[in-house]
Amino acid sequence: GFANLEVNAFKMFNDCVTTLIEERASMTLPEILKLQTVLTNFALKCYPTRFDYVTHTLGTCCALIEKMDNEQTSSADTTEQIETLLSAPLSTLALQVLEIAPYSKLMTYLPWNNWRQVALNLMKSVVSSRKPLEDTDQIG
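Brief notes about the overall build of the protein chain
Okay, so step 1: Within the protein chain, the regular secondary structure consists of 8 helices and 0 strands.
Okay, so step 2: Each helix and strand of the protein chain, ordered N terminal to C terminal, gives the series α-α-α-α-α-α-α-α.
Okay, so step 3: Relative to its 140 residues, the protein chain shows a buried fraction of 36%.
Okay, so step 4: Nonlocal contacts in the protein chain, meaning residues at least 24 apart in sequence, comprise 75% of its contacts between residues at least 6 apart.
Okay, so step 5: When the accessible surface of the protein chain is totalled, it reaches about 8,400 Å², and 56% of it is carbon and sulfur.

See below:
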C-alpha cells in the first residue's frame, strides 16, 4: 500500500540524482555534493528514522570525493558544500550522526576551521535537542 510507495520515493529520487550525475560529466564536485545534500534533506524530512538513507547519501559523497582530483576536493566551494552536507542531519539526528561511518570520513575532507564549525553545530544541535547525555557511549 501507501508505505510501499514511501519507500520507493527515496529510491526514485536517488536513482534520478545518480542518473543526472552519470549523464552530466561536466558537473563540478560542489554541484554534485549540492544534489546529494538535497537528497539527504529529503531523506531526513520524509524518513527521519531511516539512518540507512543518510548513510547511503553520505557514503556516495565519500566515494565521489575520492574519485576527484585534489584541486576539486580542496576548493572553497567544495569545502562549503561538505560543511553544508554535514550540517544537514544535525537537527534531526544530533549525536546519532557519530554512528554513521561516512559522516566521520567526510569530516576528514574539511580544513580545521570548517571542521571546528561542524563540531560547534553538532554541539548546538545536542543542546537544542534537550536530550540528556546519560553515558559516554552517546558521544563516541
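Here we look at the packing of helix 5 (residues 76-87) against helix 8 (residues 112-129)
Okay, so step 1: Running from N to C, helix 5 and helix 8 point in directions that differ by 15°, and their axes come no closer than 10 Å. Taken together, helix 5 and helix 8 sit at an angle that is classed as roughly parallel. Taken as a pair, helix 5 and helix 8 cross one another with a handedness that is right-handed. Across the interface between the two elements, Thr-79, Glu-83, Leu-86 and Ser-87 from helix 5 touch Asn-114, Gln-117, Val-118 and Asn-121 from helix 8.
Okay, so step 2: For the contact of helix 5 with helix 8, the residue count by class is 2 nonpolar, 5 polar and 1 charged.

Concerning the packing of aromatic side chains
Okay, so step 1: A complete count under the given rule lists 5 aromatic pairs for this structure.
Okay, so step 2: Ring centres 6.2 Å apart and planes at 75° place the aromatic pair Phe-42 and Tyr-47 in the edge-to-face group.
Okay, so step 3: Accessibility expressed as a relative area gives 9% for Tyr-47, which makes it buried.
Okay, so step 4: These aromatic residues form a ring-pair network of at least three members: Phe-10, Phe-13, Phe-42, Tyr-47 and Tyr-53.

Some points on the side chain of Thr-37
Okay, so step 1: Turning to its location among the elements, Thr-37 is positioned in helix 2 (residues 29-46).
Okay, so step 2: Sequence-distant contacts of Thr-37, that is, excluding residues within four places in its chain, are made with Gln-81, Thr-84 and Leu-85.

Section: the environment of Lys-105
Okay, so step 1: In this structure, Lys-105 sits in helix 7 (residues 101-107).
Okay, so step 2: Along the primary structure Lys-105 and Leu-58 are separated by 47 residues, whereas in three dimensions their C-alpha atoms are 9.0 Å apart.
Okay, so step 3: Polar side-chain contacts of Lys-105 include one of 3.5 Å to the side chain of Glu-66.

Some details on the nonpolar core
Okay, so step 1: In this structure, Leu-58, Leu-86, Tyr-103 and Leu-106 are the most contacted members of the largest nonpolar core, which totals 25 residues.
Okay, so step 2: Among the secondary structure elements, those contributing two or more residues to this core are helix 2, helix 3 (51-67), helix 5, helix 6 (90-93), helix 7 and helix 8.
Okay, so step 3: Looking at which element gives the most residues to this core, the answer is helix 3, with 5 residues.
Okay, so step 4: Look past the residues within four positions of Leu-58 in its chain and what remains in contact with it is Leu-85, Ile-100, Pro-102, Tyr-103 and Leu-106.

Calculation rules
Residues numbered from 1 in each chain as written. Predicted model: local features only at pLDDT ≥ 70, side-chain atom pairs only at ≥ 80, totals over all residues. Heavy atoms only, no water. Helix = DSSP H or I, 4+ residues; strand = E, 2+ residues; numbered from the N terminus. Buried < 20%, exposed > 50% of the residue type's maximum accessible area, 1.4 Å probe, protein only. Contact = heavy atoms within 4.5 Å. Areas by Shrake-Rupley, 256 points an atom, 1.4 Å probe, with all protein chains shown as cover. Axes fitted to C-alpha atoms, helices over the stretch in contact; angles between N-to-C directions. Parallel < 35°, antiparallel > 145°, perpendicular 65-115°, else oblique. Left-handed = near helix turned anticlockwise from the far one by under 90°. Nonpolar A, V, L, I, M, F, W, Y, C, P; charged D, E, K, R; others polar. Phe/Tyr/Trp six-rings, centres within 6.5 Å; stacked < 30°, edge-to-face > 60°. Polar contact = N/O pair within 3.5 Å; in protein donor to acceptor, adjacent residues only side chain to side chain. Core = buried A, V, L, I, M, F, W, Y, C linked by side-chain atoms within 4.5 Å.

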